[in-house]
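Examination of the molecular architecture
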Amino acid sequence: MERLQKVIANNGYCSRRKAEELIQNGNVKVNGNIITELGVKVSDKDEITINGNVLNKEQKEYYLLYKPRGIITSTKDEKNRKTVVDLIPTKTRIYPVGRLDYDTSGILLLTNDGALTNALIHPSNMIDKVYVAKVKGFVLANHLKLLSSGIMIDGKKTSKGKVKLKKYDKKANTSIVELTIHEGRNHQVKKMFEAIGYEVLKLKRERIGFLDLSGLKSGEYRRLSPKEVKILYNDVIKKN
Ligand code: URA
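1. Quick notes on the site of the ligand
Taken together, Leu-100, Asp-101, Thr-104, Tyr-131, His-187, Gln-188, Val-189, Lys-190 and Leu-203 make up the full set of residues adjacent to the ligand. At 3.0 Å, a backbone N or O of Val-189 approaches a nitrogen atom of the ligand. In the model, an oxygen atom of the ligand is placed 3.0 Å from a nitrogen or oxygen of the Lys-190 main chain. Taken by itself the ligand offers 240 Å² of open surface, and the protein chains cover 96% of this. The leading source of residues in the shell around the ligand is helix H5 (residues 188-195), at three residues. For the shell around the ligand, the residue count by class is four nonpolar, three polar and two charged. When we break the shell around the ligand down by domain, the ones giving at least three residues each are domain 2 (62-123 + 211-238) and domain 3 (128-208).

Set out below in structure tokens:
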């Protein structure tokens, strides 16, 4: 049994807040009865209607995409550019979990499971995300330390992470740095480097928790197995 507003939001109909509004305004019925209280719990067997339309309790779908550079992480774009959702042929209304910048490549999860999405993007979620950044110049040891111990961006210190200098190309004067962080702030990695005076030339996310890009080429995707979904759920529930 779950709260009515949560069931509505988790089925991708709208946000939890909007669902609460719909309930309080008398737009929602459960088994034919108008419900205006927020505490009511419902099960899978209950029929929920919103403004007379039956809430479609969709099968959950979970995808792992190797996002290429030059694609927007969104469900639609006002300029009609291709989005990550266009790379996965499904009739289900899936959406990306968090975001990668237009010019960032790498692992991205997409689903219609609102509960898992919310848990994964919650700031308290400690799931590691591993990024590999190519930056201009040689990244000094004290700067690597700053990146891992926490650095001020947008007036707030980033939480502790792990940082490794993987390679320095003397000829091109570029460094390859691996960063493991668990937050997902806007342009976080680029801003972290910017804060200590380095420009990120290329960025790729290689891992989210136990999931990586093995077996996929850029632009390819695969479904998560039920076992992988279960492990993800366990990981976020444990850590939230
Ligand atoms: N950090 C960034 O700066 N960009 C991304 O796309 C992801 C993390």
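What follows continues from the structure just given.
2. Some words on the layout of surface pockets
Roughly 550 Å³ of internal volume is contained in the largest pocket. Around the largest pocket, the lining is made up of 29 residues, and of these Arg-99, Tyr-131, Glu-183, Gly-184 and Arg-185 lie nearest the centre. Here the residues of the lining of the largest pocket are counted per class, giving 12 nonpolar, nine polar and eight charged. Mapping the lining of the largest pocket onto the domain boundaries places at least three of its residues in each of domain 2 (62-123 + 211-238) and domain 3 (128-208).

3. Section: the pairing of strand S7 (residues 62-67)
In terms of residue burial, S7 counts as a mostly covered element, since six of its six residues are buried. Along S7, one buried face is formed by Tyr-62, Leu-64 and Tyr-66 and the opposite face, lined by Tyr-63, Leu-65 and Lys-67, is buried too. The pairing of S7 with strand S9 (residues 104-111) spans six bridges and is classified as antiparallel. Bridge pairing links Leu-64 to Leu-109 in S9.

4. Focus: the domain arrangement of the chain
According to the domain assignment, the chain contains domain 1 (2-54), domain 2 (62-123 + 211-238) and domain 3 (128-208). Look at where the C-alpha atoms of domain 1 and domain 2 centre, and you get two points 27 Å apart. Domain 1 puts four residues into the contact, and the matching count from domain 2 is five residues. Note on domain 1 versus domain 2: buried area summed over both sides is about 310 Å², and carbon and sulfur give 30% of it. Across the contact surface, domain 1 and domain 2 share zero salt bridges. Viewed at the interface, domain 2 and domain 1 are joined by zero residue pairs in polar contact (both at pLDDT 80 or more).

5. Some words on the packing of aromatic side chains
Tallying each qualifying case throughout the model produces two aromatic pairs. Between Tyr-63 and Tyr-221, the aromatic rings sit 5.9 Å apart at their centres with planes inclined by 70°, giving edge-to-face as the arrangement. On the criterion of sequence distance, the pair formed by Tyr-63 in strand S7 and Tyr-221 in strand S17 (residues 221-223) is long-range, its members being 158 residues apart. Tyr-63 gets classed as buried once you look at its relative accessible area, which sits at 3%. Summarising the aromatic geometry, the rings of Phe-138 and Tyr-168 are spaced 4.9 Å apart at their centres and angled 80° between planes, so their arrangement reads as edge-to-face. Placement of the pair is Phe-138 in the loop between strand S10 (129-136) and helix H4 (141-149) and Tyr-168 in strand S13 (residues 162-169), with a sequence separation of 30 residues. Overall, Phe-138 belongs to the partly exposed group, its relative accessible area being 40%. Residue classification places Tyr-168 among the partly exposed residues on the basis of a relative accessible area of 31%.

What counts as what
Residues numbered from 1 in each chain as written. Predicted model: local features only at pLDDT ≥ 70, side-chain atom pairs only at ≥ 80, totals over all residues. Heavy atoms only, no water. Near = heavy atom within 4 Å. Polar contact = N/O pair within 3.5 Å; in protein donor to acceptor, adjacent residues only side chain to side chain. Areas by Shrake-Rupley, 256 points an atom, 1.4 Å probe, with all protein chains shown as cover. Helix = DSSP H or I, 4+ residues; strand = E, 2+ residues; numbered from the N terminus. Nonpolar A, V, L, I, M, F, W, Y, C, P; charged D, E, K, R; others polar. Domains from an automatic or database assignment. 1 Å grid on protein atoms, 1.4 Å probe; cavity = no way out; pocket = protein on both sides within 12 Å on 5 of 7 lines; lining within 4 Å. Points joined across faces, edges and corners; volume = space filled by probe spheres on them. Buried < 20%, exposed > 50% of the residue type's maximum accessible area, 1.4 Å probe, protein only. Pairing = 2+ DSSP bridges. Contact = heavy atoms within 4.5 Å. Buried area = accessible area lost by both parts, 1.4 Å probe. Salt bridge = Lys/Arg side-chain N within 4 Å of Asp/Glu carboxyl O. Phe/Tyr/Trp six-rings, centres within 6.5 Å; stacked < 30°, edge-to-face > 60°.

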